[in-house]
Amino acid sequence: MCIRDRYMGMSVLKQLSNDEQDSVRVIALDSLTQIAKILNKDENKTQTLPIIIAATEDKSWRVRLALAKNFAGIAEAFGKEITDLSLIQIFTTILRDVENDVKAAAVESLSNFINMISPDKLSILLPSIQALSKDSFLQVRSSVGHVMASLISISNKDVITKLIPNLFDLLDDEDPNVKVSGLKASAKFAQVASPDFVSNLLPHIRTAFSSSKWRVRLAGVEALVDIACAYGDINLFEKTLEPLYFQYLTDKAHAVRELGVQSVPKLIKAFNKTWLNGNLLPRLNDIIAKDFTYLLKITALYSLEAATSVLKSDEINDKIPVSYTHLRAHETPEHLVCRLLLEKKK
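Residues numbered from 1 in each chain as written. Predicted model: local features only at pLDDT ≥ 70, side-chain atom pairs only at ≥ 80, totals over all residues. Heavy atoms only, no water.

> I tried to follow the overall build of the protein chain on my own but got confused; where do I start?
For the protein chain, the count of helices and strands is 20 helices and 0 strands. Across the 346 residues that make up the protein chain, the buried fraction comes to 51%. Restricting the contact set of the protein chain to residue pairs at least 6 apart, pairs at least 24 apart contribute 70%. Carbon and sulfur atoms provide 51% of the accessible area of the protein chain, an area that totals close to 16800 Å². (Helix = DSSP H or I, 4+ residues; strand = E, 2+ residues; numbered from the N terminus. Buried < 20%, exposed > 50% of the residue type's maximum accessible area, 1.4 Å probe, protein only. Contact = heavy atoms within 4.5 Å. Areas by Shrake-Rupley, 256 points an atom, 1.4 Å probe, with all protein chains shown as cover.)

> For this particular structure, what's the right way to read the side chain of T48?
Take T48: it is sitting in helix α3 (residues 41-56). Engagement of the side chain of T48 in a polar contact is seen with the backbone oxygen of N44, the distance being 2.9 Å. Each residue touching T48, except ones within four places of it in the same chain, is listed here: M10, L32, L39, E43 and F78. (Polar contact = N/O pair within 3.5 Å; in protein donor to acceptor, adjacent residues only side chain to side chain.)

> Looking at this structure, I do not really get the packing of aromatic side chains. What am I missing?
Aromatic ring pairs are reported here in terms of the distance separating the ring centres and the angle at which the planes meet. Counted by the stated rule, this structure contains 12 aromatic pairs. Each ring, one from F71 and one from F113, has its centre 5.5 Å from the other, and the planes form 65°; the classification is edge-to-face. Separated by 42 residues along the polypeptide, F71 in helix α4 (residues 61-78) and F113 in helix α6 (residues 100-113) bring together distant segments of the chain. You can call F71 buried: its relative accessible area is 0%. A ring pair is formed by F189 and F197, whose centres lie 6.3 Å apart and whose planes are at 20°; its orientation type is stacked. The exposure class of F189 is buried, given its relative accessible area of 0%. Judged by relative accessible area, F197 falls into the buried class, the value being 3%. Taken together, F237, Y245, F246, Y248, F271 and W275 form an aromatic cluster joined through their ring pairs. The cationic tip of R283 hangs over the ring face of F246; the distance from NZ or CZ to the ring centre is 4.2 Å. (Phe/Tyr/Trp six-rings, centres within 6.5 Å; stacked < 30°, edge-to-face > 60°. Lys NZ or Arg CZ within 6 Å of the ring centre and 35° of its normal.)

> Got a minute to help me understand the confidence of the model for the protein chain in this structure?
Reading predicted coordinates in detail is not appropriate for stretches of low pLDDT. With 87% of its residues at a pLDDT of at least 70, the protein chain reaches an overall mean of 87. Taken element by element, the protein chain is modelled with least confidence in helix α19 (residues 325-329), mean pLDDT 46, and with most confidence in helix α14 (residues 254-262), mean pLDDT 96. Under a pLDDT of 50 for its full length, residues 323-330 has, in the predicted model, 15 contacts with residues more than four places off or in other chains. (pLDDT = per-residue confidence, 0-100.)

> Just checking my understanding: could you explain helix α8 (residues 138-151) for this structure?
The α-helix winds at 3.6 residues per turn, so residues separated by three or four positions along the chain end up facing the same way. Across its 14 residues, α8 extends 21 Å between first and last C-alpha, which sits within 8% of the 20 Å expected from 1.5 Å per residue. A large share of α8 lies buried, amounting to 10 of its 14 residues. Within the span of α8, buried status applies to V140, R141, S143, V144, G145, V147, M148, A149, S150 and L151. Where the residues of α8 are buried, they touch α6, α7 (122-132), α9 (157-171) and α10 (176-190). (Expected span 1.5 Å × (residues − 1).)

> Looking at this structure, I do not really get the packing of helix α2 (residues 22-38) against α4. What am I missing?
Helices that pack against each other are described as a pair by the angle of their axes relative to one another and the distance between those axes. Viewed as axis vectors pointing N to C, α2 and α4 meet at an angle of 5°, and their least axial separation amounts to 8 Å. With respect to their mutual orientation, α2 and α4 come out roughly parallel. Contacts between α2 and α4 involve D22, R25, V26, L29, D30, L32, T33, A36 and K37 from the first element and R62, V63, A66, L67, N70, G73, I74, A77 and F78 from the second. (Axes fitted to C-alpha atoms, helices over the stretch in contact; angles between N-to-C directions. Parallel < 35°, antiparallel > 145°, perpendicular 65-115°, else oblique.)

> Could you clarify how one ought to interpret unusual backbone geometry in this entry?
Both trends apply: most residues other than glycine have a negative phi, and most peptide bonds are in trans. Unusually for a residue other than glycine, N272 sits at a positive phi of about 55°. One can find N272 in the loop between α15 (264-271) and α16 (274-289). For N272, a relative accessible area of 61% corresponds to the exposed category. Phi angles above zero are rare outside glycine, and K273 is one such case at about 70°.

> Any chance you could explain the nonpolar core here in plain terms?
Side chains of a nonpolar character, in soluble globular proteins, are inclined to be buried together. Counting residues in each nonpolar core, the largest one holds 115 residues, and the members touching the most others are L87, F113, L125, F189, Y245 and W275. Residues within four places of L125 in sequence aside, it is in contact with I88, F91, T92, L95, L110, F113, I114 and I117. (Core = buried A, V, L, I, M, F, W, Y, C linked by side-chain atoms within 4.5 Å.)

> I would appreciate a short explanation of the environment of N112 in the present structure.
Residue placement: N112 occurs in helix α6. Classification of N112 by relative accessible area gives partly exposed; the value is 46%. With 41 residues separating them in the primary sequence, N112 and F71 have C-alpha atoms 9.2 Å apart.

> Where do I start with the environment of L280 in this structure?
Tracing the chain through its elements places L280 in helix α16. Separated by 23 residues in sequence, L280 and S303 place their C-alpha atoms 9.1 Å apart. Setting aside chain neighbours within four positions, we find L280 in contact with F246, V264, I268, W275 and A307.

> Even after reading the chapter, I still don't get α6, so can you show me in this structure?
Here α6 contains 14 residues, and its C-alpha end-to-end distance of 19 Å stays within 8% of the 20 Å for a straight helix at 1.5 Å per residue. Most of α6 sits out of view: 10 of its 14 residues are buried. Listed as buried for α6 are V102, K103, A104, A105, A106, V107, S109, L110, S111 and F113. Close packing links the buried residues of α6 with α4, α5 (80-95), α7 and α8.

Pasting the structure below:
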């Protein structure tokens, strides 16, 4: 694009961004990203940056909302240098906006925005993120967990350590959506935090497993399995996490039981069959051999079938000496399916 066309484009953008109608100003912000991509660094500093600054103070919340939604794209178009020097400070203003919808949109953009800045600049955003974990608006709090999880791969240990109390705030939140957000983030924290993190996290995990909301329990199982695999320490798992994990066998929600079953191969892979032979198989075989409730028995059967996916044929005969006589005496269609699956494996 020639200089004359770029000059005309900027002139039109300035006019639109100063229009009396907020809907027109919104259109201007929606087009700002594309225009910033064709301008050079100096032009963006002198021409488009003032428009962004003015938008953060716009009297219309719709204009500020448009800016919040487009901010990550604008940062990418501007480049790391301008983002580090100017945009990061502007973004902290949007994260403190008085309108809840603007704050919520800004938090959703934050996960992408943090990838546009240098890691040493994250400390500038840290106070805002910490405050947002206690925000009064539900949608804001429920999005903060995703932001925290996104920070893990680019943050240093000092930033991560400072965020752990805020993660626990999310896990203690009364709203189930916020709890789920915190549980998903906790698995990411476990990948880089010290082993002491698990002992501090454990009470929050226990609370999740006792929740009346099945989605919270589901997130609890997912987080527990991810944490166990991240550490790969069978002693730690047996001592702290395994009793909670086995609760999936009797959970009332099908989705929770299903995830527990699907996690069996993942845990076996993490603990190199030591856990399979010493913990899982004895427990499942005991449940199947005895007269437990139908729900427990059928879940154990599915879990046993999942376990066979990591065994060879001779190992299945060796490790799963289950007699199906008891099952056939009272066999339901579901039992039949599981029995046939297991016999096919053999």
